[in-house]
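Survey of secondary and tertiary structure
As a plain string of letters, each chain reads:
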Amino acid sequence: MRWSLPLGRLFGIPIKVHFTFFFLLAYVYYEFAHNGKSHAAGLVAVALTCILFACVLAHEIGHSLVARFFGTRTRSIVLLPIGGVALLEQIPREPYKEILIALAGPFVSAVLAALFFAAGLAVQAEITLDFADITLGTCLSSLFLINAILVAFNLIPAFPMDGGRVFRGILSLAFGWERGTIWAVRVGQTLAFGFIVFSFFANHLGLLLVGFFILFGAGEEGRLTRIRAALEGAVAAHAMRRTFAVLSPDETLRNAVLKVVSCNQDDFPVVAGGALLGMARHDAMLQGLERHDPSTPIAEFVSTRFTSTEPGAPLEELYVLLARSDRRTIPVIDGGAIVGLLSLEQINRFAQLRRTLRGIRRDEKAAADRAAETYGEGGPSSGSARSTASDAFAPPAGDMT
Ligand SMILES: [Zn+2]
């Protein structure tokens, strides 16, 4: 995630904090230090906020460690003012794994809530979120409440909440992953509409925001699932661009930028003696043009640190990789030579084509079945209907189903 500062690693997982988090701390300090309270009150409130976010971090670590148990790496955990996000490399398709990974976070929060509740009882604190004056009691009770809210909020059975993943997992056991997701998304969106309508009657802004949060989160999960389902079993070689222009390192910046237009290509592999030196990226070239002479060799603007992939790499993983990074294009390398370029647009286009083809195949099958019923098995239409659109559009490199 952009604009995040690395804090270090926990269990080998990079922990980052989004810069907007510091606005939250500044706001908390201002509220407590300047509104008739003391400098010390401001600092205590900031410390308490940091502990609250340590609880959020523990929740995300819970997800990450169970994911690791199932062989899924966590790229990073990012703390935002609205909560935390564990960026898992891949959500496993096996429903029971997804259910357990999703439950791990609320489970950690529930344990923390119970601990803070017990500690609150021990010091005989009243459960309150009233911060009029910060005492040990108000600290413990707010820590209890925040963790309890984390559990309750996350168990709402709607994406992007953990409860949505548990719900999808349960539905997937019965209907399969894709249909399970479609139903989980529908239920989540219906729930979101309910929240939004109710928030108007109850005049409750928080509920309205939760409603929209779920509405967009569920829609996004539905979109992602359709793409992932369409990419199932496909590899880089299926979707990569096979005809593309390359640059030599001594080509001028001017020529390179002209090729962006003439070749309709944003990023260019820079190749010398058959070996890939790096990628000349569109934005780097434009920035170079502003600051340097157009006759400067392109070699000066080449980024030599780049991610590459191989023709057999699963597209689903590459889709997640590209969607989460700021790299627009990655080179596909086979035996040391570059054989293709892959971008998010390219993968999206491939997914769309594949979905359309599947739709055509389903229609053809239905038509063939109807024809078979009409003419009897082995009739003139039963075999011939299959060899039309679907096979004609399949790429030579591989199987589209
Ligand atoms: Zn969670």
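Residues numbered from 1 in each chain as written. Predicted model: local features only at pLDDT ≥ 70, side-chain atom pairs only at ≥ 80, totals over all residues.

Moving on: the nonpolar core. In terms of nonpolar packing, the biggest core is built from 30 residues, with F116, L143, A158, F159, A192, I214 and A218 touching the most fellow members. Breaking this core down by element, the ones donating at least two residues are helix 3 (95-122), helix 4 (136-154), helix 5 (162-175), helix 6 (177-202) and helix 7 (205-231). Sort the elements by how many residues they give to this core and helix 3 lands first, with 8 residues. Other than its neighbours up to four places away in sequence, F159 contacts G164, A184, V185, G188, G217, A218 and E221. Counting residues in each nonpolar core, the second largest holds 22 residues, with L231, L315, L341 and L342 among its members. (Core = buried A, V, L, I, M, F, W, Y, C linked by C-beta atoms within 7 Å. Buried ≥ 20, exposed ≤ 12 C-beta atoms within 10 Å, placed from the backbone. Helix = DSSP H or I, 4+ residues; strand = E, 2+ residues; numbered from the N terminus. Contact = placed C-beta atoms within 7 Å.)

On to the pairing of strand 8 (residues 329-334). In terms of strand pairing, strand 8 meets strand 9 (residues 337-343) through 6 bridges, oriented antiparallel. The residue of strand 9 that forms the bridge with T329 is S343. (Pairing = 2+ DSSP bridges.)

Residues at a pLDDT of 70 or more form 89% of the chain, whose mean pLDDT is 81. Here residues 376-401 is a poorly scored stretch, pLDDT under 50, and it has 31 contacts once near neighbours within four places are set aside; other chains count. (pLDDT = per-residue confidence, 0-100.)

Moving on, we get to the sheet that holds strand 7 (residues 302-303). Pairing is antiparallel in the open sheet, where 3 strands are placed in the order 5-6-7. Either end of the sheet is taken by a strand with one partner, and the two such strands are strand 5 (268-272) and strand 7. Note that strand 6 (residues 275-280) and strand 7 share 2 bridges and pair antiparallel. Looking at strand 7, one finds that M279 is bridged to S303.

Looking now at unusual backbone geometry. With phi around 55 degrees, F11 is a residue other than glycine that occupies positive phi space. Summarising the element assignment, F11 is placed in the loop between strand 1 (4-10) and strand 2 (13-18). Non-glycine residue N264 carries a positive phi angle of around 50 degrees. Along the polypeptide, N264 turns up in the loop between helix 9 (253-262) and strand 5.

Turning next to helix 7. Here helix 7 is 27 residues long and its end C-alpha atoms lie 39 Å apart, about the 39 Å a rise of 1.5 Å per residue gives. The positive-phi residue at the C-terminal boundary of helix 7 is G233, with phi of around 80 degrees. (Expected span 1.5 Å × (residues − 1).)

Its location among the elements puts C55 in helix 2 (residues 39-69). Look at C55 and you get partly exposed, because 18 C-beta atoms sit within 10 Å. Residues C55 and I146, 91 residues apart in the sequence, show an inter-C-alpha distance of 8.7 Å. Sequence-distant contacts of C55, defined by excluding residues within four places in its chain, comprise S109, L112, L143, I146 and N147.

What follows covers the packing of helix 7 against helix 11 (residues 315-324). Relative orientation of the contacting elements helix 7 and helix 11 amounts to 145 degrees, with a least axis distance of 8 Å. Contacts from I227, R228 and L231 of helix 7 reach helix 11 at L315, E316 and Y319. Class assignment of the residues belonging to the contact of helix 7 with helix 11 gives a composition of 4 nonpolar, no polar and 2 charged. (Axes fitted to C-alpha atoms, helices over the stretch in contact; angles between N-to-C directions. Nonpolar A, V, L, I, M, F, W, Y, C, P; charged D, E, K, R; others polar.)

Packed helix pairs are characterised by how far apart their axes lie and by the angle those axes make with each other. Running from amino to carboxyl end, helix 5 crosses helix 6 at an angle of 135 degrees, the nearest separation of the two axes being 7 Å. Taken together, the axes of helix 5 and helix 6 are oblique relative to one another. Here the hand of the crossing between helix 5 and helix 6 comes out right-handed. Two secondary-structure elements touch here, helix 5 through G164, F167, R168, L171, S172 and F175 and helix 6 through W177, R179, G180, T181, W183, A184, V187 and G188. (Parallel < 35°, antiparallel > 145°, perpendicular 65-115°, else oblique. Left-handed = near helix turned anticlockwise from the far one by under 90°.)

Right, let's get into the environment of W177. Here W177 is to be found in helix 6. The exposure class assigned to W177 is buried, which follows from the 20 C-beta atoms found within 10 Å. Along the chain, W177 and R93 lie 84 residues apart, while their C-alpha atoms are 7.0 Å from each other. Excluding anything up to four places from it in sequence, W177 contacts R93 and S172.

Turning next to the sheet that holds strand 2. Strand order in this open sheet of 4 strands is 1-2-3-4, and the pairing throughout is mixed. Edge positions in the sheet fall to strand 1 and strand 4 (83-88), since each has one partner strand and no second. Neighbour to neighbour, the strand axes of the sheet diverge by 25 degrees on average, direction disregarded. Where strand 1 and strand 2 come together, 6 bridges link them in antiparallel fashion. Its bridge partner lying in strand 2, P6 is registered against K16.

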